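Geometric and topological summary
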Amino acid sequence: MKRLAAATAAVLAAAVLYHADPAASPLYPPCLIRLYTGWSCPGCGATRALHALLHFRFEEAWRLNPLWTAAAPAVAAWGLWRLFAVRCWRRAA
């Protein structure tokens with residue numbers, strides 16, 4: 001049940017991120033590192049890159065955060081594999 005709740009939360013978070021641009025929406029809290037230092041933090045770039053990935057803007061995502069752009073599809077695939085593999089193993093046992 002916990003895995004299903006986590007998967008549901010991830011899908012809802014992705015839907016919110018798809019519709020609300022982190023660079024322009026007041027929905028997201030301001031980044032404290034950028035607010036106090038003026039430097040872009042990796043988290044800000046990752047959020048904006050994930051928004052760009054959800055809209056299939058790969059070049060923009062790569063420019064914003066190359067590491068997250070390369071890792072996000074692998075992390076998503078791993079999460080889906082874990083969700084379905086654990087459910088199938090429990091049914092077989």
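This is a predicted model, so every value here is computed, not measured.

**Observations regarding the overall build of the protein**
- From N to C terminus, the protein includes five helices and zero strands.
- Against the 2.2 N^0.38 benchmark of 12 Å for 93 residues, the protein shows a C-alpha radius of gyration of 16 Å, more extended than a compact globule.
- When the backbone C-alpha atoms are referred to their principal axes, the protein occupies close to 55 × 25 × 25 Å.
- Burial statistics for the protein: of 93 residues in total, 20% are counted as buried.
- Sequence separation of at least 24 residues holds for 35% of the intrachain contacts in the protein that already meet a minimum separation of 6.

**Side note on the confidence of the model for the protein**
- Predicted confidence across the protein gives a mean pLDDT of 86, with 94% of residues reaching 70 or more.
- The least confident element of the protein, judged by mean pLDDT, is helix 5 (residues 66–92) at 82; the most confident is helix 4 (residues 58–64) at 94.

**Looking at the packing of helix 1 (residues 2–19) against helix 3 (residues 42–54)**
- Contact pair helix 1 / helix 3: the axes reach a minimum separation of 9 Å and the direction vectors enclose 85°. In terms of axis orientation, helix 1 runs roughly perpendicular to helix 3. Where helix 1 abuts helix 3, its residues A14, L17 and Y18 lie against T47, L50, H51 and L54.
- Class assignment for the residues of the contact of helix 1 with helix 3 results in five nonpolar, two polar and no charged.

**Looking at the pattern of salt bridges**
- On inspection of all chains with the given rule, the structure shows one salt bridge.
- Ionic pairing is found between R57 and E60, a salt bridge with its closest N-O pair at 2.7 Å.
- Since its relative accessible area comes to 34%, R57 is described here as partly exposed.
- For E60, a relative accessible area of 28% translates into the label partly exposed.

**A few points about a nonpolar patch on the surface**
- There is a patch of nonpolar side chains on the surface, built from L32, L35 and Y36 and spanning about 390 Å² of accessible area.
- Turning to its location among the elements, Y36 is positioned in helix 2 (residues 32–37).

Thresholds applied
The numbers attached to residues start from 1 for each chain and follow its sequence in the written order. For this predicted model, a pLDDT threshold of at least 70 governs which residues receive local features, and a threshold of 80 or more governs which side-chain atom pairs are given and counted, while totals over whole chains, interfaces and linings are taken from all residues. Based on all heavy atoms of the structure, the side-chain values leave hydrogens and waters out of the count. Working definition: helices are DSSP H or I runs of at least four residues, strands are E runs of at least two. Numbering for both runs from the N terminus. Here the radius of gyration uses the C-alpha set of atoms, whereas the globule reference equals 2.2 Å times the residue count to the power 0.38. Here the term buried applies to any residue with accessible area under 20% of the maximum for its type, exposed to any over 50%, and partly exposed to those in between, with areas from a 1.4 Å probe on protein chains only. It only takes one pair of heavy atoms within 4.5 Å for two residues to be counted as in contact. Scored from 0 to 100, pLDDT records how confident the predictor is in each individual residue. Angular values range over 0 to 180 degrees, each being the angle between N-to-C directions of two axes fitted as lines to C-alpha atoms, with helices fitted over their stretch in contact. Angles below 35 degrees are treated as roughly parallel, those above 145 as roughly antiparallel, those between 65 and 115 as roughly perpendicular, and all remaining angles as oblique. Residue polarity follows a fixed list, in which Ala, Val, Leu, Ile, Met, Phe, Trp, Tyr, Cys and Pro are nonpolar, Asp, Glu, Lys and Arg are charged, and the others, Gly among them, are polar. Within this document, salt bridges are pairs made up of a side-chain nitrogen of Lys or Arg and a carboxyl oxygen of Asp or Glu, the two lying within 4 Å of each other. Exposure above 30% relative accessible area and the absence of a salt bridge qualify a residue for a patch, where like charges join within 9 Å and nonpolar side chains (Val, Leu, Ile, Met, Phe, Trp, Tyr) within 5 Å. Note on areas: Shrake-Rupley with a 1.4 Å probe; residue coverage comes only from the protein chains shown.

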